[in-house]
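So the chains spell out like this:
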Amino acid sequence: MATDTKTAVEGFGQVSRTVGAVFRYVLLAATLVGIVALTVLLVFVANDAVRPLTADPGWHLTFFGTLVVPTLGLGGYLAVRDPESLWIGGMTVGLAVVSLLFAGGVAMIFVDIVTPVVWFAYVVALAAPSALVVGLHRSSVEPPYLLRLAVGVVAYYVSLLGLPGPVGGLAGVPQVVPSLANAVQSLPVLPVDWMLLLVSFSVLPAAVLAAYARSVAGGRAGLLVGVVALAVVALAALAGPAIGITTVPAVVLASVVVLPTAGYVGGVAATRPERRVGLLLPAVVVGGTLLGAVVVEAAGFAGPQSWVDWQFLTSAHSRNAVDAGLYPAIGGSILLMVTVALLSFPLGVGAAVYLEEYAPDNRLTRFIDVNISNLAGVPSVVYGLLGLGVFVRYLGSPSGTVLVGGATLALLILPIVIISSREAIRSVPDDMRQASYGMGATRWQTVKNVVLPRSFPGILTGTILALGRAIGETAPLIMIGAPDVLFSLPTELSSKVSAMPLQVFAWASLYAGPDFYEKAVPAGVVVLVTVLLAMNSIAIVLRNRYQSEQ
Amino acid sequence: MTDHTDSDDDTRRPDGGTADPTADEMMIETDVTDGLSASDTHGAAETLVEARNVDVYYNDVQALRDITLEIPEKRVTAMIGPSGCGKSTFLRCINRMNDLIDAARVEGELLLRGKNVYDDDVDPVALRRRVGMVFQKPNPFPKSIYDNVAYGLDIQGKEGDYDQIVEESLKRAALWDEVKDQLHTSGLDLSGGQQQRLCIARAIAPDPEVLLMDEPASALDPVATSKIEDLIDDLAEEYTVVIVTHNMQQAARISDKTAVFLTGGELVEFGDTEQVFQNPDSDRVEDYITGKFG
């Protein structure tokens, strides 16, 4: 016995891994098929749309030298030495790019859809009753809740709709008191557009920056940052015309692009000085682009003859493929998106909170549960039929309007919003609820103070991804009678609307011809996909931050 | 069986075979000196919480059987027993946290200052505002330290100088010196022991009458545990503390009264801690305390 155990073991034999290895590589292949197919398609379409090969070789060489090489060099260096600062640099560039896209949309709204005067009037009309409600809430008298609620409802009604307003209109009573929104618009003397935007739009990012600076460096720094931010916006409005940007887009650019990016950069510099080196990356990207542009201009190298150009983004459809543009469709998609978000977010989150926090566990709840999952799988064309049947035929609203389209798309993504919001709410640890109830909180206080703040990033992520689905839908819009081609932007909720996928579909079907296939369709697809990817990247960044906080 | 391994070193204490020498020393010190003197100096106390024939069922399973006991004011009362014996269930009866579980049903009477908390006219939310609770796992909200402590004041709409109440509560929870410069950073950035003291500060900020603690130190290391124990000792000067613990040494160290629950949801023994540990009436309790089962 003893000698047996002392004999040296010569080997334990072999166990075959062949099946496992085959299985593993089959799985890898399955993973790659989809990604590779999609990448090839996107590269193919992008090549058709942007046509990089039509540029001078000198153009490519110049930008390769001034932009690509320095960026890759610095990126590689940072990736090895300090990956965290590479991440910060990448975030800055990404933030600037995404906010630039966003600024384009916002500028479009202020230039062509909601004029600054109307916007300002509605901001005032919303702010005044809000101030009243907050004042009542904070006052030492503190009237009973129902009274405050009634006062609030009346205040908002009068401020937005006037007296007796639409309710009186139904009964045939003439308008006695104009709404605050209308009163502001009819003021004889109003400041110019950019000043109105400065006080009603730019104050928001400036206030966010000021609050952030205050939390980092105290009250005085916060005030200073807020004032400087507003000064930057004002300066942009004054200096913009000199370089060919009119005042309103200049204010939007400064508020939506410059302030958030500068805030992020300043925040990194102030709170994480050891990562400052990452901020070189955006500097290299911007510097390289500018340097390349100057060199190309000086040397006379021609850029690519891209179909996606300023003209494509700013003009309407034309029978001539070269002149065709996407502008009304982009504006329509933006308006639809706003409508869908405003309708589906409160409904979806409300349903999710009810089902997760309030609903008793009974048959009705389980029935609703199962059917929400089923609704998420109903084909979009069926939702289009529903929209046509309910909104157009039954409620008699005109077909193909922003409101009908937005409501139909909102119904379409509502189940997805509900499901993803429920996931986010369910991921709030039960410990937190117990702690809140244990402190003597009511259910409402627990939901408001603990559950919603904690699950909000998750809810937002799910909603953005769902909106991404809505922006790409064509079938429901066709069903509700949205026009394929529109030559101007919709200006109100009851005007006809077109959308990017619908316009691309029209080019590919109604105007099918080699010109449109080669030019307008790929360019439209590239714009649509860019917007979608930007939205998804926002969702992904939010989700990553959310997960790292937990 | 897992219970047995969990409390292995505790239950072997009388044989001197404990695995943790520091805990053993602390035990001897507090048990012999503080423990005895505390119950001597306090004298007789009024009953604050009284249970009369309380039964609790989860669906058809009975979790507590006919519990009758009286918890004195401004004392530390410990509930010990093996896992699943119902000691946490009893604790959660006092502030009606069991109401949150659909399957739970409570019978019998549970009086707080002579009022049955299960009467129809008692609002469980109002009740919980008078009974603070600290949980097994530290569970601060993902808010700032200040907002965590002020949470109870805020939701209960209390008047007063919040800054001062927050400072006082943190001082009483022996956390002020460690966090006074970072009141506006997240409570989740603290260590586990600090988080639990933050939860205690949060629980005492609205000035409750009773403080319920459900194994408050079981997720903490020995150093953090001893800090929490010192803290409980101080809190007993102003609050009535009811603590559930798995750790019998801990119960012996910090409590004035001890209730022993055994499997099946029965209250087998209830009396002064000293007497329960040194001279229990029931053989089953003696077996449990000396580690013959559990």
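Residues numbered from 1 in each chain as written. Chains lettered and ligands numbered in written order. Predicted model: local features only at pLDDT ≥ 70, side-chain atom pairs only at ≥ 80, totals over all residues. Heavy atoms only, no water.

1. Focus on a nonpolar patch on the surface
A cluster of nonpolar residues, Tyr25, Leu28, Leu32, Val36 and Val40 of chain A, forms a patch on the protein surface that exposes about 470 Å² of accessible area. You can see Val36 of chain A is positioned in helix H2 (residues 18-50). (Patch = residues over 30% accessible without salt bridge, like charges linked within 9 Å, V, L, I, M, F, W, Y side chains within 5 Å. Areas by Shrake-Rupley, 256 points an atom, 1.4 Å probe, with all protein chains shown as cover. Salt bridge = Lys/Arg side-chain N within 4 Å of Asp/Glu carboxyl O. Helix = DSSP H or I, 4+ residues; strand = E, 2+ residues; numbered from the N terminus.)

2. Observations regarding the domain arrangement of chain A
Note: interface size is frequently given as the accessible area lost on complex formation between the parts. Residue and element names in this part refer to chain A. The domain boundaries assigned to chain A delineate domain 1 (17-54), domain 2 (81-302) and domain 3 (314-549). Computed from C-alpha coordinates alone, the two centres of domain 1 and domain 3 are separated by 29 Å. Together domain 1 and domain 3 conceal approximately 390 Å² of surface at their shared face, both sides included; 87% is due to carbon and sulfur atoms. Counting the contacts that link domain 1 with domain 3 gives zero salt bridges. Among the residues making up the side of domain 1 that touches domain 3, the classes are represented as four nonpolar, no polar and one charged. (Domains from an automatic or database assignment. Buried area = accessible area lost by both parts, 1.4 Å probe. Nonpolar A, V, L, I, M, F, W, Y, C, P; charged D, E, K, R; others polar.)

3. Side note on the confidence of the model for chain B
All names here are of chain B. Model confidence for chain B is summarised by a mean pLDDT of 81, while 84% of its residues fall at 70 or above. For chain B, the element scoring lowest by mean pLDDT is helix H2 (residues 8-11), at 40; strand E8 (residues 240-244) scores highest, at 93. Under a pLDDT of 50 for its full length, residues 1-42 has, in the predicted model, 50 contacts with residues more than four places off or in other chains. Confidence estimates for the predicted assembly give a pTM of 0.82 and an ipTM of 0.81. (pLDDT = per-residue confidence, 0-100. Contact = heavy atoms within 4.5 Å.)

4. Observations regarding the interface of chain A and chain B
The interface of chain A with chain B comprises 16 residues on the first partner and 23 residues on the second. Buried surface at the junction of chain A and chain B, summed over both partners, amounts to about 1,700 Å²; 60% is from carbon and sulfur atoms. Our count for the chain A to chain B interface comes out at one salt bridge. Here Lys137 of chain B and Asp431 of chain A are joined by a salt bridge, their closest N and O atoms 3.2 Å apart. Applying the counting criterion to the chain A and chain B interface returns nine residue pairs in polar contact (both at pLDDT 80 or more). For the side of chain A that touches chain B, the elements supplying multiple residues, two or more each, are helix H18 (430-438) and helix H19 (443-471) of chain A. It is H18 of chain A that contributes the most residues to the side of chain A that touches chain B, seven residues altogether. Taken together, the residues of the side of chain A that touches chain B break down into six nonpolar, eight polar and two charged. (Polar contact = N/O pair within 3.5 Å; in protein donor to acceptor, adjacent residues only side chain to side chain.)

5. Examining the nonpolar core
Here is a general trend for soluble globular proteins: nonpolar side chains tend to be buried in one another's company. Counting 53 residues, the largest nonpolar core has Leu326, Val340, Leu409, Ile413, Leu477, Met500 and Trp507 of chain A as its most contacted members. The residues that make up this core include at least three from each of domain 2 (81-302) and domain 3 (314-549) of chain A. Ranked by size, the runner-up nonpolar core spans 49 residues in total, among them Met432 and Ile459 of chain A together with Phe135 and Tyr151 of chain B. (Core = buried A, V, L, I, M, F, W, Y, C linked by side-chain atoms within 4.5 Å. Buried < 20%, exposed > 50% of the residue type's maximum accessible area, 1.4 Å probe, protein only.)

6. Looking at the pattern of salt bridges
Tallied over the full model, the rule gives 28 salt bridges over all chains. Its salt-bridge partner being Asp430 of chain A, residue Arg433 of chain A comes within 3.2 Å of it at the nearest N-O pair. Taken as a pair, Arg433 of chain A and Asp430 of chain A lie in helix H18 at a separation of three residues, close to a single helical turn. Among the ionic pairs, Glu109 of chain B bridges to Arg52 of chain B, the shortest N-O distance being 3.3 Å. Taken as a pair, Glu109 of chain B in strand E4 (residues 104-112) and Arg52 of chain B in strand E1 (residues 47-58) lie far apart in primary sequence, 57 residues in all. Put simply, Glu356, Asp369, Arg422, Glu423 and Arg426 of chain A are held in one network by salt bridges that share partners.

7. Examining helix H4 (residues 87-94) of chain B
Residues and elements named next belong to chain B. Taken across its eight residues, H4 has seven buried, putting it largely inside the fold. The complete set of buried residues in H4 reads Lys87, Thr89, Phe90, Leu91, Arg92, Cys93 and Ile94. One or two positions beyond H4, positive phi appears at Arg96, with a value near 55°.

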